[in-house]
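Tertiary structure, described
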Number of protein chains: 2
Amino acid sequence: MTVLESLIKRLSRLPGVGRKSAARIAYYLLSSDDSFNEELAEDIATLKRRLRPCSVCGSFTEFDPCSICTDPGRDRSVVCVVERAQDVTILETSDEYRGLYHVLGGVISPIDGIGPNELRLGSLVERVRSEGVREVILATNPTVEGDTTALYVVKLLEPLGVTVSRLALGLPVGGDLEYADRLTLARSLRARTPIAND
Amino acid sequence: MTVLESLIKRLSRLPGVGRKSAARIAYYLLSSDDSFNEELAEDIATLKRRLRPCSVCGSFTEFDPCSICTDPGRDRSVVCVVERAQDVTILETSDEYRGLYHVLGGVISPIDGIGPNELRLGSLVERVRSEGVREVILATNPTVEGDTTALYVVKLLEPLGVTVSRLALGLPVGGDLEYADRLTLARSLRARTPIAND
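Residues numbered from 1 in each chain as written. Chains lettered and ligands numbered in written order. Predicted model: local features only at pLDDT ≥ 70, side-chain atom pairs only at ≥ 80, totals over all residues. Heavy atoms only, no water.

Some details on the overall build of chain A
Across its full length, chain A carries seven helices and six strands. Counted from the first residue to the last, chain A has its helices and strands arranged as α-α-α-β-β-β-α-β-α-β-α-β-α. Taking 198 residues into account, the globule formula puts the C-alpha radius of gyration at 16 Å, and chain A, at 21 Å, lies well above it. Principal-axis analysis of the C-alpha atoms gives chain A an extent of 60 × 45 × 45 Å. Out of the 198 residues in chain A, the part that is buried amounts to 40%. Long-range pairs, those at least 24 residues apart, make up 47% of the contacts in chain A between residues at least 6 apart in sequence. Roughly 11700 Å² of accessible area belongs to chain A as shown, and the carbon and sulfur atoms make up 54% of that amount. Mean positive and mean negative side-chain charge positions of chain A (24 and 28 charges, respectively) differ by 5 Å. (Helix = DSSP H or I, 4+ residues; strand = E, 2+ residues; numbered from the N terminus. Rg over C-alpha atoms; globule rule 2.2 N^0.38 Å. Buried < 20%, exposed > 50% of the residue type's maximum accessible area, 1.4 Å probe, protein only. Contact = heavy atoms within 4.5 Å. Areas by Shrake-Rupley, 256 points an atom, 1.4 Å probe, with all protein chains shown as cover. Lys, Arg positive; Asp, Glu negative; His and termini not counted. Charge placed at Lys NZ, Arg CZ, Asp CG, Glu CD.)

What follows is the structure in structure tokens.
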């Protein structure tokens, strides 16, 4: 197998990259700057060595605690609970949220043998109890497992008297009623928002 | 910028990879085997150093001439002419063609300052003249530039008395009439094929 075939085969293992995209990427790399390829290769080769979980929130970081947990400009009274570290990156792209995060490291899923003990729940309770947290936003995915986990966290935090909220469900912005599924339509009707009249 | 941010930024420069796919790929790499990441990085870093254009057909290869040009099982009397080296990889996936290739290295495009002299046309004529080629298949893209280039090659090869053909135009397999454009419909009507009646 040539380096080209081996590269295409490896690239097509990446999520969202099929064989055709892998070939396009490989040929793009063949025509791009030597320095771009070297830096990309360096990032890939050293990624796992250089990143570790943040001891506070659980997302990946080069320096512990991570840049979000140590940012003095962020609202330390709000904690957003997510399933996976990548959800932090995704929520940050909204430029809407200025609080802190807490990565559970998964969701409760008996079929996969994942119970509450496998998740970072103890440290969440500890943070809420001792760090002046006023609100916890549950941002687990709107799936059966995500909902189950959210409910579990609600029960867990109940004795602490903190406000717990959940991301709103409804139509995606720019979406089309025609393509919305029945459950999403039902939720967006139930949670309809009054229109300000001023 | 952390290694994660830098990796996501670099990955999103790759063709067909947006910011979201780049983040997904980066987190996939964070959870994949160390050896996978190291081998992928090695392929990317050494790609350009290890590959060179095949001196016969012009596609990329580690050993010159390339494995297709030296394959004794291939039909040396047919040469398929393509625009770019990656088109060889694409055509090979069809498992239909058993002849040789010739990479032009582009198409005639006056607006980009590319004329016939910028393409590997001299070596094509030389191969057809001296290597017993019976048929040349023109597989440039069905675009204005690809068609212009194909016509130019037809004229160029005319004195050599070789059969010259062009890839068929028509509906893509599994396609839908509704989504075919007007020109494709017209070409597929004009080039309709009789149905064998046996």
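Examining helix α3 (residues 34-50) of chain B
In this model α3 of chain B runs 23 Å from its N-terminal to its C-terminal C-alpha over 17 residues, within 8% of the 24 Å that 1.5 Å per residue would give. Considering bend angle alone, the principal kink of α3 of chain B is centred on Ile 44 of chain B and spans about 30 degrees. Turning to α3 of chain B, its buried residues number three or more, namely Phe 36, Asn 37, Leu 40, Ala 41, Asp 43, Ile 44, Thr 46 and Leu 47 of chain B. Next to the buried residues of α3 of chain B lie α1 (3-11), α2 (19-31) and α3 (34-50) of chain A together with α2 (19-31) of chain B. (Expected span 1.5 Å × (residues − 1). Bend = angle between axes of the 7 residues up to and from the residue.)

Quick word on the relation of the copies chain A and chain B
Superposition of the two copies of the chain requires a rotation about an axis together with a shift along that axis. Overlaying chain A with chain B gives an RMSD of 0.0 Å, the required rotation being 180 degrees about an axis along which the chain moves by 0.0 Å. With respect to symmetry, the two chain copies, as superposed, fit the operation of a two-fold axis. Of every C-alpha in chain A, the one belonging to Ala 41 of chain A sits nearest the axis of rotation, 2.1 Å from it. (Least-squares fit on C-alpha atoms with pLDDT ≥ 70 in both.)

Looking at the pattern of salt bridges
Applying the stated criterion across every chain, the model contains 19 salt bridges over all chains. Here Glu 39 of chain B ties to Arg 10 of chain A by a salt bridge, and the two come within 3.1 Å at their closest N and O atoms. Here Arg 10 of chain A lies in helix α1 and Glu 39 of chain B lies in helix α3, a pairing that spans two chains. For Arg 84 of chain A, the salt bridge identified is with Asp 87 of chain A, shortest N-O distance 2.7 Å. Looking at Arg 84 of chain A, the relative accessible area reads 35%, which means it is partly exposed. (Salt bridge = Lys/Arg side-chain N within 4 Å of Asp/Glu carboxyl O.)

A short note on the packing of aromatic side chains
Any two aromatic rings considered together are summarised by their centre-to-centre distance and by the angle between their planes. Enumeration over the complete set of coordinates arrives at six aromatic pairs over all chains. With centroids separated by 6.1 Å and ring planes inclined at 45 degrees, the aromatic side chains of Tyr 27 of chain A and Phe 60 of chain B adopt a geometry described as tilted. With Tyr 27 of chain A in helix α2 and Phe 60 of chain B in strand β2 (residues 60-61), this pair bridges two chains. Relative to Tyr 101 of chain A, the ring of Tyr 97 of chain A has its centre 5.2 Å away and its plane inclined at 65 degrees; by these criteria the two rings are edge-to-face. Overall, the relative accessible area of 16% leaves Tyr 97 of chain A in the buried class. (Phe/Tyr/Trp six-rings, centres within 6.5 Å; stacked < 30°, edge-to-face > 60°.)

Some thoughts on the environment of His 102 of chain A
Residues and elements named next belong to chain A. Inspection of the secondary structure puts His 102 in strand β4 (residues 99-103). Distance in space between the C-alpha atoms of His 102 and Glu 42 is 29 Å, their sequence separation being 60 residues. In this view, His 102 contacts Val 56, Cys 57, Val 79, Cys 80, Val 81, Val 82, Arg 120, Ser 123, Leu 124 and Arg 127; residues no more than four positions away in its chain are not counted. A distance of 3.4 Å separates polar atoms of two side chains, one belonging to His 102 and the other to Ser 123. (Polar contact = N/O pair within 3.5 Å; in protein donor to acceptor, adjacent residues only side chain to side chain.)

Some points on the sheet that holds strand β5 (residues 135-138) of chain A
Residues and elements named next belong to chain A. Strand order in the open sheet made by the four strands is β4-β3-β5-β6, with parallel pairing throughout. What marks the edges here is a single partner per strand, and that holds for β4 and β6 (163-166). Here the average twist between neighbouring strands, direction ignored, is 25 degrees. Both strand β3 (residues 75-82) and β5 contribute to a ladder of four bridges, which runs parallel. Across the sheet, the residue bridging to Val 79 is Val 136, located in β5. In the packing of helix α4 (residues 85-92) onto the sheet, contacts are made with β3 and β4, and the angle to β4 comes to roughly 155 degrees. Across the face of the sheet, helix α6 (residues 144-157) comes into contact with β5 and β6 while running at roughly 170 degrees to β6. (Pairing = 2+ DSSP bridges. Axes fitted to C-alpha atoms, helices over the stretch in contact; angles between N-to-C directions.)

Let's talk about the pairing of β4 of chain A
Side chains on a regular strand alternate between the two faces of the sheet. All names here are of chain A. Summarising burial for β4: five of the five residues are buried, a large majority. Two strands pair when backbone bridges link them, and β3 and β4 are joined in this way by five bridges, in the parallel orientation. The residue bridging Asp 75 from the neighbouring strand is Gly 99, located in β4. Regarding topology, α4 serves as the crossover connection from β3 to the parallel β4, and that connection is right-handed. (Right-handed = clockwise from strand over helix to strand, strands pointing away.)

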